[in-house]
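Survey of secondary and tertiary structure
The primary structure of each chain is shown beneath.
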Amino acid sequence: MTARLPAPARREQILDVAVQVFARNGFHGTSMNDVAEAAGVTKPVLYQHFDSKQALYLALLAEVGNRLITAITKATAGATNGREMTDLGFRAYFRFVAEDHDAFLLLYGTGASRNEEATTAVRVLTAEAAKAISPLIAVDIDPVHRRILAQGLVGMAEGVSRFLVDLGDDFDPDEMGRHMADLAWAGLRAVRSEPISVELL
C-alpha cells in the first residue's frame, strides 16, 4: 500500500492511475479491484473517494476533458490573429494526444467500450470542446455557423488522432498540428458568411 496522502492528493493519484486502467481495458473490462490494485490502495479506500465504478469513470471523463479544453485555451490565449489561433490550437490538441495516449483513448478510443451514460458524457465533452474553440474561429459568420464549424474542426482532429494512436508510432505533435492547421485555415478562409438554418440546443 502507498503512503498515506491527504484526501485531495489521494483522489488525484487514483484518477491518474485509473486513466491507464480504463483506457487499456475499457469500462466493462475494468473492475474496482483492478483500479485499487494499480493505485496501491484497498477497495475501502477507493470507495471513500468514488462510490461506484460508474462514478469513477464519469469523474475520469470530466477530468480528462477538462485537461484537453484547458490545454487548448491556454495555448491560444496569446494569439494575435486567426491564423495563429488555428495553429496554436491544433498544436495543443496533438500535443495532448502525443503526451498522453491513455487520456485520449479514454475519451475516444474505439476499444474503450462504455455504457450509455458515459457515452453521453463523451458527447457532451466533445460539444464543450467545440464551444471552447468556437470563439477562436476568426471568420465573420453568425454564432450558429461558427459552432458548427468548430464541431467539424474537433471531429477532424479527433479522426486524425485516432489514426495516429492506432498506428502506435510516436509522432511530432507540432509538425502534425501545423499540417492540420494549414488544412483548417485554408478551409476557413473559403467559408461563406451565409447563415445556417440549424437551431442549436
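Summary of the structure given here.

Definitions and cut-offs
Residues numbered from 1 in each chain as written. Predicted model: local features only at pLDDT ≥ 70, side-chain atom pairs only at ≥ 80, totals over all residues. Heavy atoms only, no water. Helix = DSSP H or I, 4+ residues; strand = E, 2+ residues; numbered from the N terminus. Buried < 20%, exposed > 50% of the residue type's maximum accessible area, 1.4 Å probe, protein only. Contact = heavy atoms within 4.5 Å. Lys, Arg positive; Asp, Glu negative; His and termini not counted. Charge placed at Lys NZ, Arg CZ, Asp CG, Glu CD. Axes fitted to C-alpha atoms, helices over the stretch in contact; angles between N-to-C directions. Parallel < 35°, antiparallel > 145°, perpendicular 65-115°, else oblique. Nonpolar A, V, L, I, M, F, W, Y, C, P; charged D, E, K, R; others polar. Salt bridge = Lys/Arg side-chain N within 4 Å of Asp/Glu carboxyl O.

**Looking at the overall build of the chain**
Looking only at helices and strands, one finds nine helices and zero strands in the chain. Going from the N terminus to the C terminus, the chain shows its helices and strands as α-α-α-α-α-α-α-α-α. The dimensions of the chain, computed from C-alpha atoms along their principal axes, are 60 × 35 × 30 Å. Here the chain, with 201 residues, has 43% of them falling under the buried criterion. Relative to all contacts within the chain whose residues are 6 or more apart in sequence, the contacts with residues 24 or more apart total 69%. Of the side chains in the chain, 20 bear a positive and 26 a negative charge, and the two mean positions are spaced by 3 Å.

**Overview of the packing of helix α1 (residues 7-25) against helix α4 (residues 53-76)**
Following both chains from N to C, one finds α1 and α4 inclined at 95 degrees, their axes separated by 10 Å at the closest point. In terms of orientation, α1 and α4 fall into the roughly perpendicular class. Each of R11, E12, I14, L15, D16, A18, V19 and F22 in α1 lies in contact with α4, whose residues at this interface are K53, L56, Y57, A59, L60, E63, V64 and R67. Among the residues making up the contact of α1 with α4, the classes are represented as ten nonpolar, no polar and six charged.

**Re the pattern of salt bridges**
Enumeration over the complete set of coordinates arrives at ten salt bridges. Taking the shortest distance from any N to any O, the salt bridge between D87 and R91 comes out at 2.7 Å. Of this pair, D87 and R91 both sit in helix α5 (residues 82-99), four residues apart, which is roughly one turn of the helix. In this structure, the salt-bridge partner of R95 is D174, at a minimum N-O distance of 2.4 Å. In this pair, R95 is assigned in helix α5 and D174 in helix α9 (residues 173-189), connecting sequence segments 79 residues apart.

**Section: the environment of T73**
If you trace the backbone, T73 turns up in helix α4. On the basis of relative accessibility, which here comes to 43%, the residue T73 falls in the partly exposed class. Separated by 60 residues in sequence, T73 and I133 have C-alpha atoms that sit 7.7 Å apart.

**Structural notes on the side chain of S161**
Along the chain, the position of S161 falls in helix α8 (residues 143-167). Accessibility expressed as a relative area gives 0% for S161, which makes it buried. In contact with S161, not counting residues within four places along its chain, are Y93, F94, V97 and F104.

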